[in-house]
Amino acid sequence: MNYFLWTIGCQMNFADSRQAAEELERIGYQEAGRPEDADLIVLNTCVVRQSAEDKVVGRLTSLLGLKRRRPALRLAVMGCFVNEIPELEQRYPWVDAFIKPSDVPALIDLAQQQAAGSEMDVNEIRIPQSEFPVSAGVPISQGCDHLCTYCIVRLRRGPEVSRSVQEIILEVRRLVARGVKEVTLLGQNVDSYGRDLSPASSPPQVGGTEGGRHPDLADLLARVHEVEGLERIRFLTSHPADMTDKLIEMAARLPKVCEHMEVPVQSGDDAVLRRMGRGYTVAQYRNLVARIREAMPGVGVATDVIVGFPGETRSQFEATYRLLEALRFDMVHVAAYSPRPDTPAERLADDVAPGEKERRRQDVDSLQERIVGEINAQLRDQTVEVLVEGRHKGKWR
Ligand code: SAM
Ligand code: F3S
C-alpha cells in the first residue's frame, strides 16, 4: 500500500503530516512519489486566506478523475478546510473522509481499515524508510483563545487545548532517538501554553515548576532543555499580549533555546490593531521587542503583517511601514487582507482596492529585502554555528 500526502499552510500542518507519514509507514504504508501511484491520498489543508482555500479546491477537483478511474483509492481531507462535514460530504462526494484539523489518529484509523480490507498484514510493524529530518516540529497546543477579528483558524481549530508536559517530553525524546537535533514547539499561541492544564500534570520542582499552578511555556522550555542529545529548541508563534518577562528570561538563559522569536505585530497603527482585536498597542509592542533584544543580544525577530485590513488608510499603512523600518525585523511574513467566512471582520467593508493592497504588500516586501540584505551583510567573514538540514537545489540548507 502506498500513500501520498499533500500539505500546505502553517508549520502545525507540516508537523501533523510528518507524524502521519511516520505512523502510516509504521503500519506498513510506503510513500508514493505521485498521487497516481497511491492507494491513500491525504490532503492536509489550509484556508487562512482565500488563495489557500482556492488551492485546496483546485487540488480536490483535480483528483476526481483519478478517483473515478480507481474507486478503491481512498481520499482523505484534513486540516482547516474541514468544517461542516455533512455539507462538505455533499459538495465533494468523491472524498472518503473529512478529518478535523490535527486529528492524526482518525487518519490512521482510516488507513488501518483500508489495510485490513486488503492483503496487507496490518500487524507487521515496519521501520519507516523515508529519511528522518534533523529538525522537527512538535505541536504543544491546538486551537487559540484569542479573538482576532480576521482569523478563521481559531474558528476551525477551536479553543486552546495544551498537551501535557509529559506527552511532549516523550515525543521529543522519541524524535531525538531518531536523530533529530532541533525541535520547534508549535502552537497558534505558544505563549499561553498550559493555561488549561491542571497543576498536577506537571511535577513540582522539575524545571522550576512550582506546585499549585499550571505549567507554562517557560517551565516547558526548561523541561525540554533537559532532553539529552537535543541541541536546539525553538518555539512559535508568540502573541505580543501574552509574552511574559519570565518566558523571555528563560529563553535567554537556556543555551539550547535559539535566539529567535516569532512575534506577529499585524499592524503599526493603534486604531487598526483595535479593529483587529489584537489586545496591545504599538507602544506596548515596541517595548516588548526592546525587552527581547535587551535580554537576548543578537536575537532574530520575525513578525507577521496584514496590509489592507478594512478601513486601513494610506497613512495607517505608512505607520506600519515606519514601524518595520524602525524595528528592522529579520523576517516579515506579509499578507494582503483576505475576508474569511464567519469572522467578525467579514462584516466590515473590504474597502482597500486589490491593486492598492498588492502595492502595500510589495512595499513591505521591498523594504524587508533591503533590511535583510543589510542584516546578512553583517555576517560576512564571521564564523557562526549552523545546523545543516539538507540540500536544496544543489545548495546546503
Ligand atoms: N497566532 C498568530 C498571531 O498571533 O497572529 C498567527 C496565526 S495566523 C493563523 C497566521 C498568519 O496568517 C497571521 O499572523 C496573519 O498575518 C495571517 N492571516 C490570518 N488571517 C488572515 C486574513 N484573513 N487575511 C490575511 N492574512 C491573514
Ligand atoms: Fe488567529 Fe489571532 Fe489566534 S491570528 S490563531 S485568533 S492569535
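Remember, it's a predicted structure, so these values are computed and weren't measured experimentally. (Residues numbered from 1 in each chain as written. Chains lettered and ligands numbered in written order. Predicted model: local features only at pLDDT ≥ 70, side-chain atom pairs only at ≥ 80, totals over all residues. Heavy atoms only, no water.)

Asker: How should I be thinking about the site of ligand 2 in this particular structure?
Answerer: By nearness alone, every residue bordering ligand 2 is listed as Cys144, His146, Cys148, Tyr150, Cys151, Arg154, Gln188, His239 and Arg278. Partitioning the shell around ligand 2 into residue classes produces 4 nonpolar, 3 polar and 2 charged. (Near = heavy atom within 4 Å. Nonpolar A, V, L, I, M, F, W, Y, C, P; charged D, E, K, R; others polar.)

Asker: Hey, could you run me through helix H5 (residues 104–116) in this one?
Answerer: An α-helical segment advances 3.6 residues per turn. Residues three or four places apart therefore align on the same side. Helix length check: H5 (13 residues) gives 18 Å between terminal C-alpha atoms against 18 Å at 1.5 Å per residue, within 8%. Here H5 has its buried residues at Val104, Leu107, Ile108, Leu110, Ala111, Gln114 and Ala115. Buried residues along H5 cover an arc of 155° about the axis, so they all sit on one side. The exposed residues of H5 that point more than 90 degrees off its buried face are Pro105, Gln113 and Ala116. Packing partners of the buried residues in H5 comprise helix H1 (11–26), strand E3 (40–45), strand E4 (74–79) and strand E5 (97–99). (Helix = DSSP H or I, 4+ residues; strand = E, 2+ residues; numbered from the N terminus. Expected span 1.5 Å × (residues − 1). Buried < 20%, exposed > 50% of the residue type's maximum accessible area, 1.4 Å probe, protein only. Arc of directions from axis to C-beta. Contact = heavy atoms within 4.5 Å.)

Asker: Would you explain unusual backbone geometry in this entry?
Answerer: Peptide bonds are, in most cases, trans, and in most cases residues other than glycine have a negative phi. Along the chain, Leu236 connects to Thr237 via a cis peptide bond; the corresponding omega equals 5°. If you trace the backbone, Thr237 turns up in the loop between strand E10 (232–236) and helix H9 (245–253). For Arg328, which is not a glycine, the phi torsion comes out positive at approximately 45°. Summarising the element assignment, Arg328 is placed in the loop between helix H12 (314–327) and strand E13 (331–336).

This is a description of form; function is not addressed.
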